[in-house]
Amino acid sequence: MIRNDITGLVAQAIHNAQAAGALPEFALPTFEIGRTKDLKHGDYTTSVAMQSTKLARMAPLAVAQAIAAHVPPHAAVAAVTAVPPGFINFQLSDAWLTGQVAEIEAASGRYGDIDLGGGKTCQVEFISANPTGPLHMGSARNAVLGDALANILAAAGWRIQREYYVNDAGTQMRTFAETLYRRYRQALGHDAPLESHHYQGTYMHDLAREVVGEQGDRFLSMPEDDAIAALSDIGRVKVLAWIRASAEKLHIYFDNWYSEKSLYEPGGVFDHVIGSLRAANMTEAKDGAEWLRTSLFDSDRDEVLVRSSGQPGYYASDVAYHYDKFVLRGFDRVIDVWAVDHQNQARRMPYLMQALGLDPKRLDIVLYDLVRLYRDGQEVKLSKRSGDIITVDEVADEVGADAVRFLLLTRSNQAVMDFDLNLAVQQNDQNPAFYVQYAHARMASILRTAAERDFPAAAWTAGDFGLLGHPAELTLLRKMAELSEVIEKAATQLAPHHLAFYAQDLAGTFHAFYRDCRVISAEPAERELSCARLRLVAATKAVFARVLDLLGVTAPESM
RNA sequence: GCCCCUAUAGCUCAGUGGAUAGAGCGCUAGCCUCCGGAGCUAGAAGCGCAGGUUCGAGUCCUGCUAGGGGUACCA
């Protein structure tokens, strides 16, 4: 990307200035090229001169001037200026900016992609809600965050796999199956009251009736434990189908569904990993349990792998599952998306990596904060236990998948988020999701209108973008040229919200262009300019569609 | 108690140690002979408190206040 070119120019300029005697010899400090806030300062800026004053034993502005005077020429750079107190500013050339139209076209929908990943593999594991009920809105943030992250990392050069980890091995699953068994008996007219720890939601009734419809009463004659085991499998499959449908409603498609239970099959991953941990002397028997010796690392305590009951603990699943991800399946990198209430678990993950002999940096845990739902100004409490839940399906049906996704993505991860159901459902200018979609629809409309007014695509696809030069056109081109930097920031910080804000910026910039520059002109003298502008509009539409695609929001041709 | 996160405009939120802190909603005043007014322009309005580091702090450090979360052989 162009910013990297400028970084290289600055390094070269310092070297040149030193060779010419304009600067004393000193080691190149680490410096960054930043975006300016105001165009009057150019497009890019660096504070390297101010950082080097002590090294150079010169006034900051004098250092800046010496560097600026030795920047090699570059086609994309129109001006390099040194200004008080010591900034060096770079202005992009109009020719480079207008040339981005051709770059966008050549990228065919992948404009702004970068290569941070270098084609390495990265698994993004997200949602992973217990398969004990429908997907509720608490999981929607996880869903949208994980999916957008996967999109963004793919644009940043990683080969992505999306995985759902099915927590089908623990006591939650057992409780679910017991509940289903009782509801099943109730559905057949038997007395089987629920206890307080069972799932109270009405969906369990529906599930039980469905099972009765398909399987009849055959589980009544079985021993209770056998019936519960059978119902556990049947129920899990049905609930996972619900979850899959809900995810698809939000435009989310998983490449793989991984069963926690499968870790514990005889001779399976767990047996394998605990064997190698024992061989490496990484486990220790203590108080009747078997512990992973994580205190060998930065932790101040060990963690239980096998409880004194003989059952593996939860940490054992984490160990075995991540062993499978890294060692057996060979992912170069793994990202787990977890709610902030798992923060303590997240803290322990690096120790697990070290115990397995893996570099902890290959694993990122993305924590996100809670979502508080509001309706009519009142907070809507979510409680799966009491059955008082708001499902993803309800909200997606009411609000639309695009609005859900966009609104959930316009917050940084680690901030408690208020989600206003009333606001989201409004299909008007109060809803930012519609603001960005409207911009895309407007671009589509301009191209349609052009075709009706003697500007078919064939007339302008070779339009001369060198005719572009109006400030509003250049501003629009500048904004589009930022995309690769936004993708880099979002990918590096694992923070998709940067894309959501960029989408709003880009929409605003386009609307300003639309106001200032008439695209379709009937004047013969302006026909060439119209063609150039139509080409710009088509390029903008492509960039906008790309951004919406990364966010998982549809780009409508009309609305 | 200890640990983590958060605190920016009336509201919901952005803000990679840099130059005059931004956006949407709401409020005020304007803008359609002509490509989509679901749009645009202008205005009022803000970094929780106190120190520190730095040439420079909304951003880094310390303390305080307030809110959220976490501190099991649970999942």
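Residues numbered from 1 in each chain as written. Chains lettered and ligands numbered in written order. Predicted model: local features only at pLDDT ≥ 70, side-chain atom pairs only at ≥ 80, totals over all residues. Heavy atoms only, no water.

A.B. asks: For this particular structure, what's the right way to read the side chain of D402?
C.D. replies: Tracing the chain through its elements places D402 in helix 14 (residues 401-409). Although D402 lies buried, it forms no salt bridge, and the closest oppositely charged side chain, R405, sits 6.4 Å away as judged by the N-O distance. Not counting residues up to four positions away in its chain, the partners in contact with D402 are H251, A433, Q437, G552, V553 and T554. (Helix = DSSP H or I, 4+ residues; strand = E, 2+ residues; numbered from the N terminus. Buried < 20%, exposed > 50% of the residue type's maximum accessible area, 1.4 Å probe, protein only. Lys, Arg positive; Asp, Glu negative; His and termini not counted. Salt bridge = Lys/Arg side-chain N within 4 Å of Asp/Glu carboxyl O. Contact = heavy atoms within 4.5 Å.)

A.B. asks: Any chance you could explain the sheet that holds strand 1 (residues 33-35) here in plain terms?
C.D. replies: Within a beta sheet, neighbouring strands are joined by backbone hydrogen bonds and run either parallel or antiparallel to one another. Read across the sheet, 4 strands follow the order 1-2-4-3 without closing on themselves; strand pairing throughout is antiparallel. The two strands at the open ends of the sheet, each matched to only one other strand, are strand 1 and strand 3 (77-83). Each adjacent strand pair in this sheet contributes to an overall mean axis angle of 25°, direction not counted. Judged from the 6 bridges that link them, strand 3 and strand 4 (residues 87-92) form a sheet pairing that is antiparallel. Each bridged residue has a counterpart across the sheet, and for A79 the counterpart in strand 4 is Q91. (Pairing = 2+ DSSP bridges. Axes fitted to C-alpha atoms, helices over the stretch in contact; angles between N-to-C directions.)

A.B. asks: What's the story with the environment of L447 in this structure? I'm lost.
C.D. replies: Structurally, L447 is set in helix 16 (residues 432-452). When its relative accessible area of 18% is taken as the criterion, L447 is described as buried. In this structure the C-alpha to C-alpha distance between L447 and V519, which are 72 residues apart in sequence, comes to 9.6 Å.

A.B. asks: It is not clear to me how the protein's contact with RNA strand B should be interpreted in this structure. Could you clarify?
C.D. replies: Lining the immediate environment of RNA strand B, one finds 63 residues, of which K40, Q343, S412, R442 and S445 sit closest. Near the protein, meaning within 4 Å, the atoms of RNA strand B are sugar or phosphate in a fraction of 64%, with bases accounting for the rest. A distance of 2.4 Å separates a base nitrogen of RNA strand B from a polar side-chain atom of Q343. Within the backbone of T410, a nitrogen or oxygen atom sits 3.3 Å from a sugar or linking oxygen of RNA strand B. Going through the elements one at a time, strand 4, helix 7 (171-187), helix 12 (343-355), strand 15 (417-420), helix 16 and helix 20 (497-516) are the ones with two or more residues in the surface near RNA strand B. Examining the composition of the surface near RNA strand B, we find that 9 residues originate from one element, helix 16, more than from any other. (Near = heavy atom within 4 Å. Polar contact = N/O pair within 3.5 Å; in protein donor to acceptor, adjacent residues only side chain to side chain.)

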